Amino acid sequence: MTDTTSAVQQIAGAELAPAWLPAAGDVNELVPAMWAHDVERGPNGEVTISGIPVSELKAQFGTPLFVMSEDDFRARARTFKTAFDQAFKDICGGVDVYYAGKAFLSTEVARWVDSEGLRLDTCSGGELAVAKRAGLSGANLGLHGNNKSSAEINRALDMGLGRIVVDSLHELARVADIAGARGVKANVMLRLTPGVHAHTHESIATAHEDQKFGLSFIAEDPEAPGMSAAEAAAKLAVESASINFLGFHAHIGSQIFEAEGFEIAARKLLAFTNEIQNKYSITLPELDLGGGYGIAYTAVDTPRPAAEVAEAMAAVVRETCAQLGMSCPRLSIEPGRAIVGSTTFTLYETGTLKTVQVEVDGQEDVTAPRRYVSVDGGMSDNARPVLYDADYSAVVANRSSIATPALSRVVGKHCESGDIVVRDVYLPNDVAAGDLLAVPGTGAYCWALASNYNYVPRPPVVAVKNGTARLIVRGETEDDLLARDLGA
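What counts and what doesn't
- Residues numbered from 1 in each chain as written.
- Predicted model: local features only at pLDDT ≥ 70, side-chain atom pairs only at ≥ 80, totals over all residues.
- Heavy atoms only, no water.
- Helix = DSSP H or I, 4+ residues; strand = E, 2+ residues; numbered from the N terminus.
- Rg over C-alpha atoms; globule rule 2.2 N^0.38 Å.
- Areas by Shrake-Rupley, 256 points an atom, 1.4 Å probe, with all protein chains shown as cover.
- Pairing = 2+ DSSP bridges.
- Core = buried A, V, L, I, M, F, W, Y, C linked by side-chain atoms within 4.5 Å.
- Buried < 20%, exposed > 50% of the residue type's maximum accessible area, 1.4 Å probe, protein only.
- Domains from an automatic or database assignment.
- Contact = heavy atoms within 4.5 Å.
- Buried area = accessible area lost by both parts, 1.4 Å probe.
- Salt bridge = Lys/Arg side-chain N within 4 Å of Asp/Glu carboxyl O.
- Polar contact = N/O pair within 3.5 Å; in protein donor to acceptor, adjacent residues only side chain to side chain.
- Nonpolar A, V, L, I, M, F, W, Y, C, P; charged D, E, K, R; others polar.
- Expected span 1.5 Å × (residues − 1).
- Bend = angle between axes of the 7 residues up to and from the residue.

Time to look at the overall build of the chain. Counting secondary structure elements, the chain contains 13 helices and 21 strands. Its C-alpha atoms give the chain a radius of gyration of 24 Å, near enough to 23 Å, the size a compact globule of 488 residues would have. By its C-alpha atoms, the chain is 80 × 55 × 45 Å across when sized along the principal axes. A total of about 20200 Å² of accessible surface is found on the chain, and carbon and sulfur atoms cover 50% of it.

Right, let's talk about the pairing of strand β21 (residues 468–473) for a bit. In terms of strand pairing, strand β20 (residues 461–465) meets β21 through five bridges, oriented antiparallel. Within β21, the residue paired with A463 across the bridge is R470. Once β20 ends, the chain turns through two residues before running back antiparallel as β21, passing N466 with a positive phi of about 50 degrees.

With 110 residues, the main nonpolar core has F84, F88, Y99, L190, F248 and V317 as its most contacted residues. The greatest single-element share of this core, amounting to nine residues, is contributed by helix α3 (residues 70–92). Counting contributing residues per domain, this core is built from domain 1 (21–69 + 343–482) and domain 2 (94–340), each supplying no fewer than three. One finds M34, I49, F61 and F345 within the second-largest nonpolar core, a separate group that totals 23 residues.

Assigned domains of the chain: these are domain 1 (21–69 + 343–482) and domain 2 (94–340). A separation of 34 Å is found between the C-alpha centroids of domain 1 and domain 2. The partner domain 2 presents 20 residues to the 25 residues of domain 1 that form the contact. For the domain 1 and domain 2 pair, buried surface summed over both sides reaches about 1900 Å², with 66% attributable to carbon and sulfur atoms. The largest share of the area that domain 1 buries against domain 2 comes from M34, Y388 and Y445, three residues that together contribute 26% of it. Between domain 1 and domain 2 we count one salt bridge in total. Taking the shortest distance from any N to any O, the salt bridge between E108 and R470 comes out at 2.6 Å. Linking domain 1 with domain 2 are three residue pairs in polar contact (both at pLDDT 80 or more). Sorting the residues of the side of domain 1 that touches domain 2 by element identifies α12 (384–388), β20 and β21 as the ones contributing at least two each. Grouping the amino acids of the side of domain 1 that touches domain 2 by side-chain chemistry returns 16 nonpolar, five polar and four charged.

Time to look at α3. Spanning 23 residues, α3 covers 31 Å between terminal C-alpha atoms, matching the ideal 33 Å at 1.5 Å per step. Largest kink in α3: about 40 degrees, centred on Q86. At the C-terminal side of α3, G93 shows a positive phi close to 85 degrees.

Moving on, we get to the pattern of salt bridges. Per the counting criterion, the structure on display carries 26 salt bridges. Across the pair R399 and D430 runs a salt bridge whose closest N-O atoms are separated by 3.3 Å. Taken together, the residues R399 in the loop between β16 (395–396) and β17 (405–411) and D430 in the loop between β18 (420–428) and β19 (436–440) connect sequence positions 31 residues apart. A relative accessible area of 32% places D430 in the partly exposed class. Salt bridges here are not isolated pairs; linked through shared partners, they connect E70, R74, R78, E108, E116, K465 and R470.

Written out as structure tokens, the structure reads:
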């Protein structure tokens, strides 16, 4: 390929690039916001984490591989705890930070969470089992879920959970009945839908009316004329002898950068808390404002620092409580992605490559090249692009390159045309089979959503600290997959 041809490809490729993708620049650059703090390129251009070259990780653990910085995880956890405690100290004495385990959870991570002074939010009996195995106190655990089984409710009561977050009147009645039959009180928060349309993908927006989560402020409950579902649930919680009614909860969605949605939700929840307290002559000791803080998946993403988020939310809460003449309940938040997302990258090995000619929109008979770079994983270890149109970035990790950038699409090995890991990224046009690619920001909802599609074993997870790498989740083998197959 001549230099002239390469230049033409670069220019033509830019015609196909989405508006948000920055112009082709230094394809060796590691944008700090997208990576753990201990990831860098070494003197020879190879990506390292805590000083360990990715080629060594590949040799020891294989690929695909989730590579996590323990120090970075702990630092982000401490940052949230410190920032919110400081911002809310004069309002409610500080904030309880619940790590949202659904983002990524293992026994080791649960212990990190506990040792950094955070609590743990779970969403299933399986996640409770991880917390129990890790030795966490039930008092520091919460259980979410819109359709908890009787077994999960019983397990929560067995473990003495600090909170069960209830999503509906039907579920509240079930929790009350189960707790009553056992002669105990269940610690309950009621999840509300404050009618906030968060600026995020529809599948991860959770506080508007037309979705499965929460109790409506607006819709009248058929069994309680004149009351919203939220108030009907509050009334039942107040009157039930087997419910210890803690307060309200809301979560407006995920991967959110704008502050407005969080502020609106806080005002609505505080006003409703004040209304219920006055109407039923009670004091509700807790209020959970959820999580959903965004991270940088690409160079154009601009996440807000935890301290900035905390200060903005504190200002709204302080002002609203003063206007209502109420004392502020003990607040809690639930960051997950914002703690674990950028701690981790996925390491792949490249395989087949091809370049196709694609029609350029609005230009008759004009085509431009797009390069397909295949890796040894895909939608089985990162389902987010196919589920949410999620954008990621990627770099060649085993070396640097001075080759011309080429608009590329990183794809997986699965039998689906939608098996796309990174839809649009500039990679050097000398990428070859055997190169290592690193995709940052895969700590949240990648391993957690992993599958065995095409009977592909799920990858291992490696934690790195002080120049040492260790497995915290073993990768699956074909024997693991066949062990459940009971055919002769």
